[in-house]
Amino acid sequence: TGTEEKAMETLTALKTMGFEGIELNDFMIHPTSFSVKMMTQMAGMPIGNGGKLDWPTLIAQSGLKVPALHHYLNTMEDDPDSVLAECETFQTDTVVLTGMYRFDYSDAENVKTLADRLNAAGKRMAEGGVQLLYHNHNCEFLRLENGDNAYHLIQDNTDPEYVNFEFDSYWCAECGA
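Residues take numbers from 1 onward in each chain, read along the sequence in its written order. The predicted nature of this model means local features are confined to residues of pLDDT at least 70 and side-chain atom pairs, given and counted, to a pLDDT of 80 or more, with totals for whole chains, interfaces and linings taken over all residues. By convention in this description, side-chain values take in all heavy atoms of the structure and omit both hydrogens and water.

> Would you take a moment to explain the overall build of the protein for this structure?
Helix and strand labels come from DSSP, where a helix needs a run of H or I of at least four residues and a strand needs a run of E of at least two; each type is numbered from the N terminus. On a plain count of helices and strands, the protein comes out with nine helices and five strands. Reading the protein from its N end, one meets helices and strands in the order α-β-α-α-α-β-α-α-β-α-β-α-β-α. Over its C-alpha atoms the protein spans a radius of gyration of 17 Å, differing by no more than 12% from the 16 Å that the globule rule assigns to 177 residues. In terms of overall dimensions, the protein has a C-alpha envelope of 50 × 35 × 30 Å along the principal axes. Think of it in three bands: with a 1.4 Å probe and only protein chains considered, a residue is buried below 20% of the maximum accessible area for its type, exposed above 50%, and partly exposed in between. Per-residue burial for the protein yields a buried fraction of 38% across its 177 residues. Throughout, a contact is declared for two residues whenever any of their heavy atoms are within 4.5 Å. Taking the contacts inside the protein whose residues are at least 6 apart along the sequence as the reference set, 74% of them involve residues at least 24 apart. Per element, the accessible surface of the protein, about 9900 Å² overall, is 51% carbon and sulfur. As used throughout, the charge tally considers Lys and Arg to be positive and Asp and Glu to be negative, leaving His and the chain termini uncounted. One atom stands in for each charge, and that atom is NZ of Lys, CZ of Arg, CG of Asp or CD of Glu. Across the protein, the 11 positively charged side chains and the 28 negatively charged ones have centroids separated by 4 Å. Here the globule rule reads 2.2 Å times residues to the power 0.38, and the radius of gyration is calculated from C-alpha atoms. In short, Shrake-Rupley with a 1.4 Å probe defines the accessible areas, and a residue's cover is counted only from the protein chains shown.

> What should I look at first to understand helix H7 (residues 108-127) in this one?
The α-helix winds at 3.6 residues per turn, so residues separated by three or four positions along the chain end up facing the same way. Take the number of residues in a helix, subtract one, and multiply by 1.5 Å to get its expected span. With 20 residues, H7 extends 29 Å between its outermost C-alpha atoms, agreeing within 8% with the 28 Å of an ideal straight helix rising 1.5 Å per residue. Those residues of H7 not exposed but buried are Val-111, Leu-114, Ala-115, Leu-118, Asn-119, Ala-121, Gly-122 and Met-125. Those residues of H7 hidden inside the fold are in contact with helix H5 (73-78), helix H6 (80-89), strand S3 (94-97), strand S4 (131-135), helix H8 (150-157) and strand S5 (163-166). The N-cap of H7, judged by a side-chain oxygen 2.9 Å from the amide nitrogen of Glu-109 a few residues on, is Asp-107. Positive backbone phi, approximately 80°, marks Gly-129, located one or two places after H7. As used in this structure description, the phrase polar contact means that two N or O atoms lie within 3.5 Å; if the pair is within protein, one of them must be able to donate a hydrogen and the other to accept it, and residues adjacent in sequence are counted only when both atoms belong to side chains.

> Would you explain the nonpolar core in this entry?
Note on soluble globular proteins: their nonpolar side chains tend to be buried together. One finds Leu-24, Trp-55 and Leu-118 to be the most contacted residues of the largest nonpolar core, which totals 36 residues. Of all the secondary structure elements, the ones that give two or more residues to this core are helix H1 (4-16), helix H4 (55-62), H5, H6, S3, H7, S4 and H8. For this core, the element with the most residues is H7, which contributes five residues. What we call a nonpolar core is a set of buried Ala, Val, Leu, Ile, Met, Phe, Trp, Tyr and Cys residues that are connected through their side-chain atoms within 4.5 Å.

Right, here's the structure in full:
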């Protein structure tokens, strides 16, 4: 696993099956820190050598499109131009928040602060012609003190002009929500 040949084999198989595109994740297309690799591996997912592969060439040769790139919020905040440039490289107008590691979704004030950060990042992405989507996992459906959940709090406190959602029903079902 983790070779250009194996990646092209997989992409070609996806295209042959009728898939038109593949969403790429930051940790696939960039070198990944040891901690992210360990968390990924502990979650039961292969880590491979994604950050070492030439994804623009692989995508171009496969004939697949990239409907969205998944990125970290701090990258959108700290270096939005690099995210926008990468969207241009892969000819996509959508960036998805990958996830918030070590974030406390049980604290309503933290979640409201996250919504503010999403609004600011979404506005910056929109200025570059890219829409921001928030991709949920199971932790957003944990109950807050008031009985609601963080997912609803994020929805209620983000501006739909700048933030939309890529709903993952697996995680919602996995936690019983």
